[in-house]
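Here is how the chains run, residue by residue.
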Amino acid sequence: MTDASTTPRTMDTPTTPTALDTLLAQVVAQPVLFAARPTRLALQGLELAPPVRCTLRVNVWRNHAIENLLSLAAPYFAFAGIATDFRLGHYDDSLQFAQHQSADVELLWLDSERYLGQQSTGAWAGWLLQRVQALRARSAAPIVLASWIAEADASVLQQVADACPATYFADLGALCAQAGVALTDRRTAAVAGTPLANAAQPLIARKLACHWLAGAALPPIKAVVLDLDHTLHAGVLGEDGVDGVSISAGHAQLQRMLSGLRQRGIFLALASRNERHDVEALFAQRSDYPLRWSDFSATEVSWQPKAQTIAQIAHSLRISPDAMLFVDDNAGELSSVRSALPQLHVLHADTAAELTERAIEFYPGLWRWRIDSDDAKRVQDLQANAERAALQASAADSGSYFSSLQVELGYALDPSEQLARAAALCQKTNQFNLALRRFGEAELAQYFSASNACVAMVSMRDRLADSGNIAIIVAERSADVLRVEELCISCRAMGRGLEDTVVMGALAAMPVFEGCSEVAFVVRHGPRNGPALEWLAALLGSSTPPEGEQRISAARIRAFQPDPHLTLTYHRTPQ
C-alpha cells in the first residue's frame with residue numbers, strides 16, 4: 001500500500017495572464033457591466049485586473065452606508081484601469097470632516113431624509129452650504145454632493161453646489177426616476193445601514209464610478225476612434241458592398257449618440273481597413289446613416305496596422321493616445337493596438353449595438369459635469385486648420401498671414417465668470433503646459449481674488465473660426481518679481497506663430513506686472529510638454545531649461561511689440 005504522504009503531487013503552476021487574456025476578460029465583462037439593468041450577483045462575479053492607469057483617492061463623508069455600493073462600483077473602476085483608495089469617515093450627521101486627508105475627490109454621501117424629518121428644506125440647505133464651504137476651505141479637490149430630496153425640488157441642492165467652486169450635485173433621485181427604479185426601501189434600511197433599495201444600488205454604483213467621480217477627477221477623453229465593419233454597421237463593406245451592409249435600429253442609435261459627442265466637442269475619427277473610395281461611397285450613398293463623412297475630424301482608411309493608423313490620428317488631432325478611446329469589434333486587434341499604444345483606451349464593439357452604445361456612454365472620462373461653450377468650438381476650429389496651414393505656407397511673411405486671416409486676440413484679466421473654463425484648460429492642456437500644476441477651480445478661485453495675483457485668459461478668433469479661450473496665464477507677485485505659476489496654451493492654437501504675443505501681451509497687461517523688474521517662469525518637465533519647454537528655451541536663448549524658476553528681465557516684456565496686423569483687445573473684470 002502506498003503511503004499517501006510520500007506520493008509525488010503535481011501542482012498547477014500559476015501563469016501570468018497575457019495582454020490578450022486581460023483584454024478578453026474585459027470583453028466578457030462588458031455585457032455585465034453595461035447591461036440595461038446591471039445586477040448585483042453578476043457584478044460581484046466579475047474578476048478584472050487590467051493594467052492600472054491611475055489611482056483615485058476619495059474621501060467619503062457620510063451619514064449612511066456606502067460599503068455595499070462600492071463593492072458594486074469596483075468592477076467599473078477595474079475595467080478602466082483605475083485603482084481606488086476610498087477613505088470612509090465615521091457616520092456623522094454633523095459633517096465635521098475629522099481627520100481630513102488630501103484626496104482627489106471629496107464625496108458627501110448623505111441620506112437627506114435624516115435631516116428633513118427635523119427641519120425645513122431651506123434650513124437644511126443653508127446649513128449644508130455652510131458645511132460644504134467649510135470642506136472647501138480645507139480641500140481644493142472637487143466635491144461631489146450625492147443625495148436626494150423626497151417629494152421636494154432638488155434644485156435647492158443644485159444651488160448649494162453652484163454656490164461653491166468645483167462642487168457638483170449628484171442627484172440619486174433623478175437617476176432612479178429616469179430608470180424607473182425605486183430609490184429607497186425603508187424596510188431594509190436598519191439592516192443594510194442605508195435606505196437605498198437593492199435594485200437601485202447597481203445603477204447608482206455605475207453612475208458613481210463611470211460619471212460622477214470620473215467626471216470630477218479624471219483627465220477627459222477627447223476623441224473616440226471608431227472601426228467601421230461590425231462596429232458602425234453589421235457586415236463587411238469590402239465583401240457585402242455599399243448596399244449589402246446593414247444598419248439596425250441599434251446601430252442608428254449608436255451613431256446618433258456619437259454625433260451628440262461630437263456636438264459636445266469630442267472628436268470622432270475613423271480607423272478602417274478598407275478601400276478609401278468604398279468608405280467614402282458608403283457615407284455618400286447610404287442616407288440611413290445618421291453619421292456623415294464630414295462628422296469625422298480624422299479618417300485613416302488603409303491596410304496598414306491599426307496602431308500606426310491611430311498614431312497618425314493622434315498626430316492630426318494634436319492629442320495624445322491617452323486622451324483617445326478606440327472602439328473595434330476584433331478583440332485581437334484591440335490587444336495588438338493596446339500593446340503598441342499602452343496609454344490608449346480600448347473598448348470592444350459588441351454584435352448588439354445597444355450594448356456598444358452603453359459601453360461608450362459609461363466609459364470613464366467621456367462624461368463631464370459641465371460642457372463648456374469652448375469645447376463645442378474645438379471640432380470646428382480643427383477643421384479650419386488645413387486652410388490656415390495653406391494660407392501660412394503661401395504667405396510672404398507673418399504679417400500678411402495674420403492680415404489675411406484677420407486674427408483677433410482677446411485678453412480677459414481675472415474673469416471670475418470663466419473659472420470653470422480656466423480650470424479645464426489647466427487640466428486638459430498637455431503639450432504647452434509649462435508648470436504642469438493642473439489647477440482646479442478651488443485653487444484658481446484664490447488667485448482670482450488675491451490682490452497680489454492675476455489670472456489672464458486669452459481667446460482667439462479669425463475669419464475661419466472662433467477658437468474661444470486658448471490660453472491661461474496664472475501669475476503672483478512677490479516684491480518686484482512676477483512669478484508665472486502656470487502657463488497653458490491649447491494645442492489648437494499652436495503652430496500659428498502667436499505664442500510670444502499670447503504670453504507677452506497677457507503679462508504686460510496684468511496690473512501686478514507694473515513696477516516689476518523680473519519675471520520668473522515655473523518649469524516642470526513632463527512626458528509631453530516639450531513644446532512649452534522649447535518655447536521657453538527660445539525665449540531664454542538656451543537649451544532645454546531645467547526644472548525650477550527661469551527668469552527674464554521685465555524690460556523684455558515691456559519692449560515686446562506684437563505684429564501690427566493683429567487685433568488685440570483687453571478686458572478686466574471689476575473686483
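The rules behind the values
Residues numbered from 1 in each chain as written. Predicted model: local features only at pLDDT ≥ 70, side-chain atom pairs only at ≥ 80, totals over all residues. Heavy atoms only, no water. Helix = DSSP H or I, 4+ residues; strand = E, 2+ residues; numbered from the N terminus. Rg over C-alpha atoms; globule rule 2.2 N^0.38 Å. Buried < 20%, exposed > 50% of the residue type's maximum accessible area, 1.4 Å probe, protein only. Contact = heavy atoms within 4.5 Å. Areas by Shrake-Rupley, 256 points an atom, 1.4 Å probe, with all protein chains shown as cover. Salt bridge = Lys/Arg side-chain N within 4 Å of Asp/Glu carboxyl O. Phe/Tyr/Trp six-rings, centres within 6.5 Å; stacked < 30°, edge-to-face > 60°. Lys NZ or Arg CZ within 6 Å of the ring centre and 35° of its normal. 1 Å grid on protein atoms, 1.4 Å probe; cavity = no way out; pocket = protein on both sides within 12 Å on 5 of 7 lines; lining within 4 Å. Points joined across faces, edges and corners; volume = space filled by probe spheres on them. Nonpolar A, V, L, I, M, F, W, Y, C, P; charged D, E, K, R; others polar. Arc of directions from axis to C-beta. Polar contact = N/O pair within 3.5 Å; in protein donor to acceptor, adjacent residues only side chain to side chain. Pairing = 2+ DSSP bridges. Axes fitted to C-alpha atoms, helices over the stretch in contact; angles between N-to-C directions. Expected span 1.5 Å × (residues − 1). Lys, Arg positive; Asp, Glu negative; His and termini not counted.

Caption draft 1: Inspection of the overall build of the protein at higher detail. Counting secondary structure elements, the protein contains 23 helices and 17 strands. A globule of 575 residues ought to have a C-alpha radius of gyration of about 25 Å, and the protein, at 26 Å, matches this closely. With respect to the principal axes defined by its C-alpha atoms, the protein has extents near 95 × 70 × 60 Å. Among the 575 residues that make up the protein, the fraction classed as buried is 54%. Of the contacts formed within the protein by residues at least 6 apart in sequence, a portion of 73% connects residues at least 24 apart. Accessible area for the protein stands at about 24,300 Å²; split by element, carbon and sulfur atoms hold 51% of it.

Caption draft 2: Layout of the pattern of salt bridges. Taken as a whole, this structure holds 21 salt bridges when the rule is applied. Between Arg 87 and Asp 85 there is a salt bridge; the shortest N-O distance is 3.0 Å. Take Arg 87: its relative accessible area is 17%, and that puts it in the buried class. The residue Lys 306 makes a salt bridge to Asp 328 at a minimum N-O spacing of 2.8 Å.

Caption draft 3: Region of the structure containing the packing of aromatic side chains. Within this structure, the stated rule accounts for 17 aromatic pairs. Seen from their ring centres, Phe 34 and Tyr 76 are 6.2 Å apart, and the 65° between their planes marks the pair as edge-to-face. Remark: Tyr 76 occurs in helix α3 (residues 67–79) and Phe 34 occurs in the loop between α1 (19–33) and α2 (40–44); sequence separation between them is 42 residues. By the burial criterion, Phe 34 is buried, and Tyr 76 matches it. Measuring from centroid to centroid gives 5.5 Å for Phe 283 and Phe 296, while their planes differ by 75°, and the two rings are edge-to-face. Pair noted here: Phe 283 is in helix α12 (residues 276–285) and Phe 296 is in the loop between α12 and β8 (298–301), with a separation of 13 residues, a long-range link. When sorted by exposure, Phe 283 lands in the same class as Phe 296, which is buried. Put simply, the rings of Phe 34, Tyr 76, Phe 79 and Tyr 363 pair up and form one aromatic cluster. Looking at Arg 62, its charged tip hangs above the ring of Tyr 91, at a distance of 4.5 Å from the centre. When the ring centre of Phe 362 is taken as origin, the NZ or CZ atom of Arg 206, which lies over that ring, is 4.3 Å away.

Caption draft 4: Seen up close, empty space enclosed by the protein. Within the structure shown, the criterion is met by three cavities of 30 Å³ or more. When its volume is computed, the largest cavity comes out at roughly 130 Å³. Along the wall of the largest cavity there are 13 residues; nearest its centre are Arg 264, Ile 266, Arg 368, Asp 375 and Lys 428. A breakdown of the residues in the lining of the largest cavity according to their chemical character gives five nonpolar, one polar and seven charged. Estimated volume of the second largest cavity: approximately 40 Å³. Leu 23, Gln 26, Val 27, Gln 30, Phe 79, Leu 334, Arg 338, Val 346, Leu 347 and His 348 together form the lining of the second largest cavity. Listing elements by their share of the lining of the second largest cavity, those giving two or more residues are α1, α14 (331–340) and β10 (345–348). Residues that form the lining of the second largest cavity fall into these classes: six nonpolar, three polar and one charged.

Caption draft 5: Quick peek at helix α18 (residues 398–405). The set of residues buried in α18 consists of Gly 399, Tyr 401, Phe 402 and Leu 405. One face of α18 carries all of its buried residues, which in axial projection span an arc of 165°. Its buried side turned inward, α18 meets α17 (385–394). You can read the cap of α18 off the contacts: a side-chain oxygen lies 3.2 Å from the backbone nitrogen of Gly 399, and it is on Asp 397. Two residues or fewer after α18 comes Gln 406, characterised by a positive phi angle close to 60°.

Caption draft 6: Molecular detail of the sheet that holds strand β15 (residues 518–523). Taken in spatial order, the seven strands make up an open sheet running β16-β15-β14-β13-β12-β11-β17, and their pairing is mixed. Looking along the sheet, the strands with just one partner apiece sit at the ends: β16 (548–553) and β17 (567–572). The mean inter-strand angle of the sheet, taken between neighbouring strand axes irrespective of direction, is 25°. Looking at chain direction, strand β11 (residues 408–413) and β17 are connected through six bridges and run parallel. Counterpart to Leu 413 in the pairing with β17 is Arg 572.

Caption draft 7: Just the sheet that holds strand β2 (residues 82–91), in detail. One open sheet accounts for five strands, arranged β2-β1-β3-β4-β5; its pairing is parallel. The open sheet has two edge strands, β2 and β5 (167–171), and neither has a second partner. Within this sheet the neighbouring strands show an average axis-to-axis angle of 20°, counted without direction. In terms of strand pairing, strand β4 (residues 143–147) meets β5 through five bridges, oriented parallel. From the neighbouring strand, Ser 147 faces β5, where its bridge partner is Asp 171. Strand contacts of helix α7 (residues 172–179): β3 (105–109), β4 and β5, with the helix running at about 35° to β5, the strand carrying the most contacts.

Caption draft 8: A look at helix α5 (residues 121–138). Spanning 18 residues, α5 covers 26 Å between terminal C-alpha atoms, matching the ideal 26 Å at 1.5 Å per step. The complete set of buried residues in α5 reads Trp 124, Ala 125, Leu 128, Arg 131, Val 132, Leu 135 and Arg 136. Angular distribution of buried residues about the axis of α5 spans 145°; they occupy a single face of the element. Exposed side of α5, more than 90 degrees from the buried face: Gln 130 and Ala 137 are the residues found there.

Caption draft 9: The arrangement of the side chain of Glu 499 in detail. The topology assignment puts Glu 499 in helix α21 (residues 499–509). One buried charged residue, Glu 499, remains without a salt bridge, the closest side chain of opposite sign being Arg 318 at 7.9 Å. Not counting residues up to four positions away in its chain, the partners in contact with Glu 499 are Phe 432, Ile 489, Met 494 and Trp 535.

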